[in-house]
Amino acid sequence: MSITRRSFFRYCTLSAAALGLDACGLRLLREALANPAAPSVIWLIGSACTGCSVSFLNRISDKAGEPADVADVVANAINLVFHPTLMGSAGETAVSALKQAYNRGNYILVLEGAVPTAFQGHPCVVWSYHGREVTFQEAVQELTPRALQTVCVGTCASFGGIPAAGSNPTRAMSVGQFTGRRTLNISGCPANPDWVVWAVVQLLLGNPVTLDADGRPSALYNTGFTGAAEDAIIHDKCPRNPGKTGTVLAEAFGEDGHCLEPLGCRGPFTKARCNGAWNGIGGHAPGQAHPGHWCIGVNAPCHGCVEKSFPGPQSFSETYIP
Ligand code: SF4
Ligand code: SF4
């Protein structure tokens, strides 16, 4: 499927609510995409399961007229010069393209995965060039200072996540911790694909992005759909909230519609828009009766995957200790 800038723009139009774009924003985006001097995007993957890229690839629409998946759209509509699994070229040809983008300096750096720092970074090698292996650690160190913006996709890059949990001998850590630089974090395990596109769109438009204390866009993680900060916590807007809906508490897994708090749900401690943000894979938008295919919609307790504390000792426990 050949996706053009026009298709990308159409995708953004159709997803305008999820991407936070109004009519003016869409007009500006059209102009930004038509600009040949628009920044390129370099996407590297470190210590991770590649789930964020898979989430991105799975952002599939079956509606007629919509682009089929966002990866096609982004790969062909913006100047994505390097992505280990999406790029057309490979080997030293791909690395040469990356180096050219680096030399031009007009690039957004997207990083997925934590940075392993033990063994001179060799638990994660991102490419080899002229017979020499380059580690993720080395690439991050070299590419972050010149980037227009470093965007961390997923909880591993944002906060360390699963690779940094426990006593992993690779000594993996977040990009921010490794570089000492403030990064724009789109956390989540996996990151929501619309939120990744949202961040890229804001940067292409040159819009200032207000970040919370954990480097995440406040617009995505600290407000509800109404924009009210008090609506940010998942529990407060959950359709199963017993205080608001009279829902009964679940006693066992698999009880449709029951509140999952007794089973360890971390919704009361998690800030994100997950209840309406997984539309592309069957989630439900605000106001829709459909229970949705977000975690709670399919009877799985929220385990707070967007938070810095993930994965904590209680993430997958039935008895949550706040
Ligand atoms: S299922 Fe979780 S988020 Fe929803 S009301 Fe119960 S505790 Fe809160
Ligand atoms: S509902 Fe909870 S576990 Fe599910 S994606 Fe959102 S923050 Fe992560």
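The structure this text deals with has already been given above.
Before going further, it helps to spend a moment on the site of ligand 2. Near ligand 2, the surroundings consist of Gly188, Ile234, Thr270, Ala272, Cys274, Trp294, Cys295, Cys302, His303, Gly304, Cys305 and Val306. The residue makeup of the shell around ligand 2, split by class, is 8 nonpolar, 4 polar and no charged.

Here the focus is the nonpolar core. Among the nonpolar cores identified, the biggest contains 66 residues, and Val41, Ile42, Val110, Leu111, Val151, Val153 and Val196 are the most heavily contacted of them. Among the elements that take part in this core, helix α10 (residues 193-205) stands out by supplying 7 residues, more than any other. Lining this core are residues from two domains, each supplying at least three of them: domain 1 (5-219) and domain 2 (225-298). What valine 196 contacts, discounting residues up to four positions off in sequence, is Phe56, Val153, Ile186 and Ala191.

Glancing now at the sheet that holds strand β1 (residues 40-45). Spatially, 5 strands are ordered β2-β1-β3-β7-β9 in an open sheet, and the strand pairing comes out parallel. Of all the strands in the sheet, just β2 (80-82) and β9 (184-186) have a single pairing partner and so form its edges. Averaged over neighbouring strand pairs, the angle between their axes works out to 25° when direction is ignored. Judged from the 6 bridges that link them, β1 and strand β3 (residues 107-112) form a sheet pairing that is parallel. Note that in β3 the partner of leucine 44 across the bridge is leucine 111. On the sheet, α10 packs against β1, β3, β7 (149-153) and β9 and is oriented at approximately 155° with respect to β9.

A word on the pairing of β7. Here β7 lies mainly inside the structure; 4 of its 5 residues are buried. In this structure, β3 lies alongside β7, joined through 5 bridges in parallel fashion. Of the residues in β7, the one forming a bridge with valine 110 is valine 151. In the sheet, β7 pairs with β9 via 3 bridges, with the strands oriented parallel. Paired with valine 151 across the strands is leucine 184, a residue of β9.

That bond from cysteine 189 to proline 190 is cis: its omega, 10°, falls within 30 degrees of zero. In this fold, proline 190 is placed in the loop between β9 and α10. Of note, the amide linkage connecting phenylalanine 310 to proline 311 takes the cis form, showing an omega dihedral of -5°. Looking at the element boundaries, proline 311 is found in the segment after α13 (242-245). Phi at threonine 50 takes a positive value of approximately 70°, unusual for a residue other than glycine. Note that threonine 50 resides in the loop between β1 and α4 (51-57). Here the phi dihedral of histidine 130 falls at roughly 50°; this positive angle occurs in a residue that is not glycine. Its location among the elements puts histidine 130 in the loop between β5 (125-129) and β6 (132-135).

Thresholds, definitions, all that
- Residues numbered from 1 in each chain as written.
- Chains lettered and ligands numbered in written order.
- Predicted model: local features only at pLDDT ≥ 70, side-chain atom pairs only at ≥ 80, totals over all residues.
- Near = placed C-beta within 6 Å.
- Nonpolar A, V, L, I, M, F, W, Y, C, P; charged D, E, K, R; others polar.
- Core = buried A, V, L, I, M, F, W, Y, C linked by C-beta atoms within 7 Å.
- Buried ≥ 20, exposed ≤ 12 C-beta atoms within 10 Å, placed from the backbone.
- Helix = DSSP H or I, 4+ residues; strand = E, 2+ residues; numbered from the N terminus.
- Domains from an automatic or database assignment.
- Contact = placed C-beta atoms within 7 Å.
- Pairing = 2+ DSSP bridges.
- Axes fitted to C-alpha atoms, helices over the stretch in contact; angles between N-to-C directions.

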